[in-house]
Structures are given as structure tokens and as C-alpha cells.
Amino acid sequence: MDLVHSVADLRRALGGGTRTALVPTMGNLHAGHLDLVRIARGQARRTVASIFVNRLQFAPHEDFERYPRTLARDCEQLAAAGCDIVFAPGEATLYPEPQVFKVAPPPELADILEGHFRPGFFVGVCTVVLKLFACVQPDVAVFGKKDYQQLMLLRAMVRQFALPIEVVAAETVRADDGLALSSRNAYLSAAERSQALALIAALRELAAAVRGGRHDIEALQAAALGDLRARGWLPDYLVVRRRSDLQPPTAAQLAAGKPLVALGAARLGTTRLIDNLEF
Ligand code: PAF
């Protein structure tokens, strides 16, 4: 496996003509990331993983500084997973000058849910991913469904800019007890870890209620928020949305059993967790 830090070294390592899959990450890898690498390897002859903690997608009060940087351990895991090239640019490589050109994702998708609670987040995500695409020029890019809204936006970006890249979605990898794997799980204390399943449990209850015939989703969502708050969480949202555009389903769509997704984000102590469930 090659570890490269500059775009010039990356281009030399890439050469030309080999079908390449990219797995963009911010490092601090877990089994979910390694599953993305496994999927990437099934899609292309060569797999590149990028590791870059992208300042642009963090608000000033968020965890950019404390986000774990674990390059040596990440590289060991990536090599064992069969990754061919790790692209780990420094900030001076990816942002050698202030990044004044940015991707402006559509507000109807980018300013709701995660984008509402993390203003500017998807501008930062789309901008860095477009830049990573420009550096690596992959044929395929693999993203996890755990970041459901991110996946939808990146798919739309690829389509709207006619980028010659196939976006492949990977199912969320969960711990044995059902907690979605996330780099931020490492922030949880032992006591918090034991309560962390309440988020996916709330989403499962929402989904079961809707599929069981309850269509008063506003009331269901409000009750779910109340339950999480009563357990000491600070929830941002717990919602049922259409899978197609993440907007609320109409009564007719609920009655027709259209594909839906329950999405949630909530803070447990100082750790913000997100999860979702298609149903
Ligand atoms: O999902 C992530 O880890 C990040 O948002 C991504 C896609 C690597 C962009 O920084």
C-alpha cells in the first residue's frame, strides 16, 4: 500500500487507466469504514481511501480540534483491508489558499435536518468531496448510508455536475447490540455507551408505529422527542421522511406505504449521534 500526501505523488501513484474506487473518510477508522473499502474493492481494480479532517464542514463550536487523528493505526487497518493507496493530504495541500469557491447545495435538501442544525455543513462536505474527486479522479465512490442526507446530496451533486463517477451506497455497519458504528462513539463514556441504543430504538418505534397504521407523524415525532429528553438526551430531530427527497410524506403517501426513512440526531452528554432507518 502507498501512503501519499501531495497531489503530485497521488497522480504518480495512480498512473492511468485502472478503474479506481474512492472511499473518502476523515480517519479514525472503524469496521464501517473497512466495509466501505471491501465494497470499493468489489467495484474496481484499485482502491484509494482518503483521510482528511475537513475544517470546512465543522462550525467553530464543533469538534474539529478534538476529532481523533490516528493516521498510523488507520493505515495499518487499510493495508490489512487491501486498500491500495491512502491519500492523506495536509490542509496546505487541499486548501493551499482560502477555499473561496464552494459548492452551493440546494437548500431544500441541504438546509433541513443535519443542515438546519449544522449550518454550512453540507457546503463543506460537498466542496471537499468535489475536490477529492478532482484529485483522485475515481470511477466509483463509496459512501455509507449512516450519513443518509450526505449520501443523497453527494449523489445529486455527481448527477448535476455530470461527474463521471458511480456513487455506491453501503449499508450501516452496527455493533452487535445495534449501535451504528461511528468515529464519534469513541467520545462516549461507559455509562453513555450503555444508553446509546435509545436513538435507534426511538427510530425503530417510529417506523413500527407508522407501518402499524399510525399516520399522525407529527404527534409520534413529538412523543419520541419527549421520550429521549426524559432519558437525558438533547435531541435535535427525530422525523419520518420520504426516502426520495427527505420531505415529510403526505397522508396519501403514508396510506400508500411509500418508501420512508426515519432519521434522528441527538446529543448524549457532549457527543452528537445520528442514525436512520429505512422502512
Ligand atoms: O462522512 C465523512 O466522513 C465526511 O463527511 C466526508 C465524506 C469524508 C467528507 O469530509
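This section reports on the structure supplied with the text. (Residues numbered from 1 in each chain as written. Predicted model: local features only at pLDDT ≥ 70, side-chain atom pairs only at ≥ 80, totals over all residues. Heavy atoms only, no water.)

### Quick word on the packing of aromatic side chains
Across all of its chains, the model carries five aromatic pairs by this definition. Between Phe 58 and Tyr 67 the ring centres are 5.9 Å apart and the planes differ by 75°, which places this aromatic pair in the edge-to-face class. When its relative accessible area of 10% is taken as the criterion, Phe 58 is described as buried. Through a chain of ring-to-ring contacts, the aromatic side chains of Phe 58, Phe 64 and Tyr 67 assemble into a single cluster. Over the ring of Phe 121 we find Arg 118, and its NZ or CZ is 4.1 Å from the ring centre. (Phe/Tyr/Trp six-rings, centres within 6.5 Å; stacked < 30°, edge-to-face > 60°. Buried < 20%, exposed > 50% of the residue type's maximum accessible area, 1.4 Å probe, protein only. Lys NZ or Arg CZ within 6 Å of the ring centre and 35° of its normal.)

### Points about empty space enclosed by the protein
Tallied over the entire structure, the rule returns one cavity of 30 Å³ or more. Estimates place the volume of the largest cavity at around 60 Å³. Around the largest cavity, the lining residues are Lys 146, Leu 179, Ala 180, Ser 182, Asn 185, Ala 196, Leu 199, Ile 200, Leu 273, Ile 274 and Asp 275. Only helix H10 (198–211) and strand S9 (271–278) provide two or more residues apiece to the lining of the largest cavity. Per-element accounting of the lining of the largest cavity gives the leading share, three residues, to S9. Grouping the amino acids of the lining of the largest cavity by side-chain chemistry returns seven nonpolar, two polar and two charged. (1 Å grid on protein atoms, 1.4 Å probe; cavity = no way out; pocket = protein on both sides within 12 Å on 5 of 7 lines; lining within 4 Å. Points joined across faces, edges and corners; volume = space filled by probe spheres on them. Helix = DSSP H or I, 4+ residues; strand = E, 2+ residues; numbered from the N terminus. Nonpolar A, V, L, I, M, F, W, Y, C, P; charged D, E, K, R; others polar.)

### Focus on the packing of helix H7 (residues 121–136) against helix H8 (residues 148–160)
Remark: H7 packs on H8, axes separated minimally by 11 Å, with the N-to-C direction vectors making an angle of 50°. One element, H7, and the other, H8, form an angle in the oblique class. Between H7 and H8 the crossing geometry is right-handed. Residue-level contacts link Phe 121, Phe 122, Val 125, Cys 126, Val 129, Leu 130 and Phe 133 of H7 to Gln 149, Gln 150, Leu 153, Leu 154, Met 157 and Val 158 of H8. Per-class residue counts for the contact of H7 with H8 are 11 nonpolar, two polar and no charged. (Axes fitted to C-alpha atoms, helices over the stretch in contact; angles between N-to-C directions. Parallel < 35°, antiparallel > 145°, perpendicular 65-115°, else oblique. Left-handed = near helix turned anticlockwise from the far one by under 90°. Contact = heavy atoms within 4.5 Å.)

### Focus on the sheet that holds strand S8 (residues 260–268)
On the basis of which strands lie adjacent, the open sheet formed by three strands has the order S7-S8-S9 and antiparallel pairing. One side of each edge strand has no neighbouring strand; the edge strands of this open sheet are strand S7 (234–242) and S9. Here the strands of the sheet are splayed against their neighbours by 10° on average, with no regard to which way each runs. Pairing between S7 and S8: eight bridges, direction antiparallel. Bridge assignment links Val 239 to a residue of S8, and that residue is Leu 263. Docked against the sheet, H10 engages S7, S8 and S9, running at close to 30° with respect to S9. Each of S7 and S8 is contacted by helix H11 (residues 217–230), which is oriented at about 155° to S7, the strand it contacts most. (Pairing = 2+ DSSP bridges.)

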